[in-house]
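# A look at the structure
The lines below spell out each chain.
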Amino acid sequence: MILPLAVRDLVLRFGQANVLNGLSFDLGGSGCTMIMGPNGSGKSLLLKLLHGLMTPSGGRIEWGGRAPRDVTARQALVFQKPVLLRRSVAANIDFVLRARGKDRDRRDALLEHVGLGHKASQPARLLSGGEAQRLALARALATDPEVLLLDEPTASLDPASVVAIEGIVADARARGVRVIFVTHDIGQARRMADDVLFLQRGRIAEHTPAAAFFHAPQSQAARDYLNGRIVV
Amino acid sequence: MGEAVTLALQLVLSGDPDLLEIVLLSLRVSLTATVLACLIGLPIGSLVAIGRFPGRNAVLIVMNALMGLPPVVVGLLVYLHLSRSGPLGFLGLLYTPTAMIIAQTLLIAPIVAALSRQVLEDLHAEYSEQFRSLCLTRVQAVEALLWDARYSLLTVGLAGFGRAVAEVGAVIIVGGNIDHLTRVMTTAIALETSKGDLALALALGIILLVIALGVNAAVQSVRMTATRQAYV
Amino acid sequence: MQIKAFGAATIATLLTGGAWAQEQSIIVQSTTSTANSGLYDHLLPMFENETGIKVNVVAVGTGQAIKNAENCDGDVLLVHARSAEEAFVEAGYGTERMDLMYNDFVIVGPEDDPAGVGGMEDVRAALSKIAGEGALFASRGDDSGTNRKEMALWAETGIDPSAASGDWYRETGSGMGATLNAGIGMGAYVMTDRATWISFENKQDYEIQVQGDADMFNQYGVIPVSPERCPSVNAEAAQTFADWLVSDEGQDAIAAYTVADQQLFFPNASSD
Ligand SMILES: Nc1ncnc2c1ncn2[C@@H]1O[C@H](COP(=O)(O)OP(=O)(O)O)[C@@H](O)[C@H]1O
Ligand SMILES: [Mg+2]
């Protein structure tokens, strides 16, 4: 297990500006953490730092005592805009299974699981937004991650696609995968979250269990956000 | 001009064996050179595309500059090496199709390297974060880039082939334009021009153009199929 | 992977390419005039039939032909620049030089003959007149046999045409055919060997203006490249070819070659 996660005084600087400004938080071994906050508050950068794709300017991140870079392979990140290979749907999964030394017979089951079995031989880049995102999820699951990082995977998808993706994620979570999920969709957060980490301008405005967050948010920023008021 | 077109048609329709021999040698030399140039140029292009190493900018500049290498200079360099009094003279390759293949390979390898570098770097910009997330090895990443860029690289190969099949400066020096041995389309055109038989020279030029059109059309149709599948 | 299969096929092609040149064959480093006039197409099938030796002709300017032969990139040298040929043998690059045949140089010019040299025999006088009139003159300027001959003639007129280079004197730096094309294109006089001129197909309104001077004589020589200097040469086959050219049979064959009913080369090997 690479959990729990401990983040201490995390700073990320671009030039003079601190885009992440001293984050400290802990995440336990199971469940689904939703990261929320206005645009530009640093959610995507935080996910990349947790995943080991970027190096912090200060502070530290430890996954069960290990640096993110050493555990990248034990996590999977689904980007907001999935980057799919210029190949068929099936070949996209085959590629990951082969690259990561996984059992290649799992491909069909994975595609069925995300509802893309009938699209296996189609060019991946002609999939609709929802289908593409499901393929990206299947690819992430193909690596058997212990932690699933999701960066607004349902933004700009129709309601049916959102439900489908939430179902797949819930299923993974039920099988013990730790989920860290960035979203702007308050309804989605309500449905999925065990706890909420609310970011504002590179700082943690609050980190509370879901029930408390939606019932009585402690920070003014979260209250405004939930009430649909503009927060910057 | 009209005379040349008539003559070109006559030559082709009569199945002139000398013409066939020259055309086939042109294709054999330039296609082989293209394949070899790809074997040399693609690894170099990939290396520079995804590598970050000191002196990379200098390599880039040199690579791009070498694209403009004059064929006669390449021919001369190869001649000096393959000449009996040169370091590789013992191989006895001067005035053989092999010498012509070597010269054209050296002529177009920089083109393949420089153009493929551009193609692969653009694709890498799109894929690199996803690849790092999937923890691909460098070799796996390059393999995937080469495969996904295959249709664009086909065009790169075509650019190299076009340059090879159209050049006269290098092959005439190292091949010697020997009848039935090293005479190709371009050297035959140069010869007929120097004999003042401009109509025949132009007729050969027209045939060369038609061959080039044919090769381009074939590649284009492959590319169009690929574009339809969003594989480009 | 596919790439590996590609590579194997390529290497196979390369090897067969190398094997192609393996039959009994020689390379002749030749001046262009003999090649462009079609003489070899006439001679070589006879020789090849008789001896089974394949003759590959590399046709370049005399200067480059000599240079290539000095680099051991030929088995036989066939050019027309007597003193350079003798120097070649003197330096040990060739076994012996044999007179082979001759034709002559002519000066061709446009029909309207701007310098008024038409019909002149005295080539020096004609050159002086062209220079005096400032009429365009296209020179090969490529150190070929023809070019060397032209420069020698200029030297005897006391005129240094290179002083007017780019003005009325135009050096193309190319072969005979290219220089004729260029000269005809710009309306310049051109000195060419008669064989090239007769078989040249882009004459337009050009005609021979100056001919008949004894000093316009153009002697061709043949030299086998020395195996002592160049161990890689096929000395035996080279000698066979040179000997055949100067034999009665070869000489008759040269005399028999005509273009437009005109004999292009006049055999004059000494029969010793
Ligand atoms: N490479 C970069 N250079 C400079 N600033 C950046 C860079 N990447 C992101 N930022 C800035 O960092 C802030 C946080 O970005 P991000 O984490 O993508 O926000 P979000 O919370 O919407 O996902 C934004 O203001 C963004 O403009
Ligand atoms: Mg974001």
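Sequence order as written defines the numbering, with residues in each chain counted from 1. Throughout, the order in which chains and ligands are written sets their labels, letters from A for the former and numbers from 1 for the latter. Where totals are concerned, whole chains, interfaces and linings use all residues; where local detail is concerned, this predicted model gives features only for residues with pLDDT of at least 70, and gives and counts side-chain atom pairs only at 80 or more. Only hydrogens and water are set aside; all other atoms, that is, all heavy atoms of the structure, feed into the side-chain values.

Residues and elements named next belong to chain B. UniProt positions are given in the numbering used here, feature names are shortened, and annotations may be inferred rather than shown by experiment. Per the UniProt record, "transmembrane region" (unreviewed entry) is annotated on residues 31-51, 58-82, 94-115, 153-178 and 198-219. By the criteria applied, helices consist of DSSP H or I runs no shorter than four residues and strands consist of E runs no shorter than two, each listed in order from the N terminus. Here residues 58-82 is 84% helix and 0% strand, with 29 Å between the C-alpha atoms at its ends. For residues 94-115, the helix share is 86%, the strand share is 0%, and the end-to-end C-alpha distance is 30 Å.

So, on to the nonpolar core. In a soluble, globular protein the nonpolar side chains are often hidden away together inside. Ranked by internal contacts, the top residues of the largest apolar core, which has 113 residues, are Leu135(A), Leu148(A), Phe131(B) and Val174(B). Broken down by element, this core gets its largest block of residues, 13 residues, from helix 5 (residues 97-133) of chain B. Those residues in contact with Val174(B), other than ones at most four positions away along the chain, are Gly75(B), Val78(B), Tyr79(B), Leu94(B), Tyr95(B), Thr96(B), Ala99(B), Met100(B) and Ala103(B). Core analysis: the next-biggest nonpolar cluster, separate from the first, contains 34 residues, Ile26(C), Val57(C), Trp244(C) and Val246(C) among them. Each nonpolar core is a collection of buried residues, namely Ala, Val, Leu, Ile, Met, Phe, Trp, Tyr and Cys, held together in the definition by side-chain atoms within 4.5 Å. Buried, partly exposed and exposed residues are distinguished by accessible area as a fraction of the type maximum, computed with a 1.4 Å probe on protein chains only: under 20%, between the cut-offs, and over 50%, respectively. Whether two residues are in contact is decided by their heavy atoms, any of which lying within 4.5 Å being enough.

What follows covers the arrangement of the chains. By contact count, the dominant pairing among the 2 pairs of chains in contact is that of chains B and C. The least C-alpha distance between chain A and chain C, which are not in contact, is 15 Å.

In this complex, chain A contributes 22 residues to the contact, which on the side of chain B involves 21 residues. Two parts lose some accessible area (1.4 Å probe) when they are put together, and adding that loss for both gives the buried area. When the buried surface of chain A facing chain B is broken down by residue, Leu53(A), Arg86(A) and Arg87(A) rank first, second and third, together holding 32% of it. Here a salt bridge means any side-chain nitrogen of Lys or Arg lying within 4 Å of a carboxyl oxygen belonging to Asp or Glu. At the boundary of chain A and chain B, one finds 4 salt bridges. Side-chain atoms alone can form a polar contact between residues adjacent in sequence; in general such a contact is a pair of N or O atoms within 3.5 Å, and within protein one must be able to donate a hydrogen while the other accepts it. The interface formed by chain A and chain B includes 13 residue pairs in polar contact (both at pLDDT 80 or more). Elements that contribute at least two residues to the side of chain A that touches chain B include exactly helix 1 (43-51) and helix 3 (89-99) of chain A. Examining the composition of the side of chain A that touches chain B, we find that 3 residues originate from one element, helix 3 of chain A, more than from any other. We call Asp, Glu, Lys and Arg charged. Ala, Val, Leu, Ile, Met, Phe, Trp, Tyr, Cys and Pro are nonpolar, and the rest, Gly among them, are polar. Of the residues that constitute the side of chain A that touches chain B, the class distribution is 12 nonpolar, 4 polar and 6 charged.

This part takes up the state of the cysteines. Residue and element names in this part refer to chain C. Pairs of cysteine sulfur atoms within 2.5 Å are what we label disulfides. This structure, assessed with the given rule, holds 1 disulfide over all chains. Covalent S-S linkage joins Cys72 and Cys230, the inter-sulfur distance amounting to 2.0 Å. Where Cys72 bonds to Cys230 through sulfur, the torsion about that S-S bond is close to -70 degrees, and the disulfide is left-handed. Here the residue Cys72 occupies a position in the loop between helix 4 (62-70) and strand 3 (76-79), and Cys230 occupies one in the loop between strand 9 (217-224) and helix 10 (235-246), the gap between them amounting to 158 residues.

Residues and elements named next belong to chain A. In short, DSSP must find at least two bridges between two strands for them to pair. With mixed pairing, the 6 strands of this open sheet are ordered in space as 5-6-7-3-8-9. Looking at which strands have only one partner, the edges of the open sheet turn out to be strand 5 (75-78) and strand 9 (203-209). Between one strand axis and the next, the sheet turns through 15 degrees on average, direction left out of account. Pairing geometry for strand 6 (residues 147-151) and strand 7 (residues 178-182), over 5 bridges, is parallel. In the strand pairing of strand 7, Leu150 is matched with Phe181. Only the contacting stretch of a helix is used when fitting its axis, a line to C-alpha atoms as for every element, and angles between N-to-C directions run 0 to 180 degrees. The strands touched by helix 5 (residues 129-142) within the sheet are strand 5 and strand 6, with strand 5 carrying the most contacts at an inclination of about 170 degrees.

Our next topic: the packing of helix 2 (residues 17-50) of chain B against helix 6 (residues 138-148) of chain B. Residues and elements named next belong to chain B. Contact geometry of helix 2 with helix 6 gives a least axis separation of 11 Å together with a crossing angle of 115 degrees. One element, helix 2, and the other, helix 6, form an angle in the roughly perpendicular class. Between helix 2 and helix 6 lies a crossing whose hand is right-handed. Contacts from Leu42, Ser46 and Ile50 of helix 2 reach helix 6 at Arg138, Val142, Leu145 and Leu146. Across the contact of helix 2 with helix 6, the residue classes break down as 5 nonpolar, 1 polar and 1 charged. The labels follow the angle: roughly parallel below 35 degrees, roughly antiparallel above 145, roughly perpendicular from 65 to 115, and oblique for the rest. Helix crossings are classified by the rotation of the near helix relative to the far one: an anticlockwise turn of less than a right angle makes the crossing left-handed, while a clockwise turn makes it right-handed.

Residues and elements named next belong to chain A. Residues are labelled near a given molecule or strand when at least one of their non-hydrogen atoms is within 4 Å of it. The environment of ligand 1 is made up of Phe14, Val19, Asn39, Gly40, Ser41, Gly42, Lys43, Ser44 and Leu45. Contacts to ligand 1 include Ser41, whose backbone N or O atom sits 3.3 Å from an oxygen atom. Here Lys43 contributes a backbone N or O atom positioned 2.8 Å from an oxygen atom of ligand 1. In terms of residue count, helix 1 provides more of the shell around ligand 1 than any other element does, 3 residues in total.

With that out of the way, let us pick up the sheet that holds strand 4 (residues 58-63) of chain A. All names here are of chain A. The antiparallel open sheet is built from 3 strands, whose spatial order is 2-1-4. Both outer strands of the open sheet, strand 2 (17-27) and strand 4, are each paired with one neighbouring strand and no more. This sheet shows a mean twist of 20 degrees between the axes of neighbouring strands, independent of strand direction. Strand direction decides the pairing type here: strand 1 (residues 5-14) and strand 2, joined by 8 bridges, are antiparallel. Looking at the pairing, Leu12 lines up with Leu20 of strand 2. Docked against the sheet, helix 1 engages strand 1, strand 2 and strand 4, running at close to 120 degrees with respect to strand 1.

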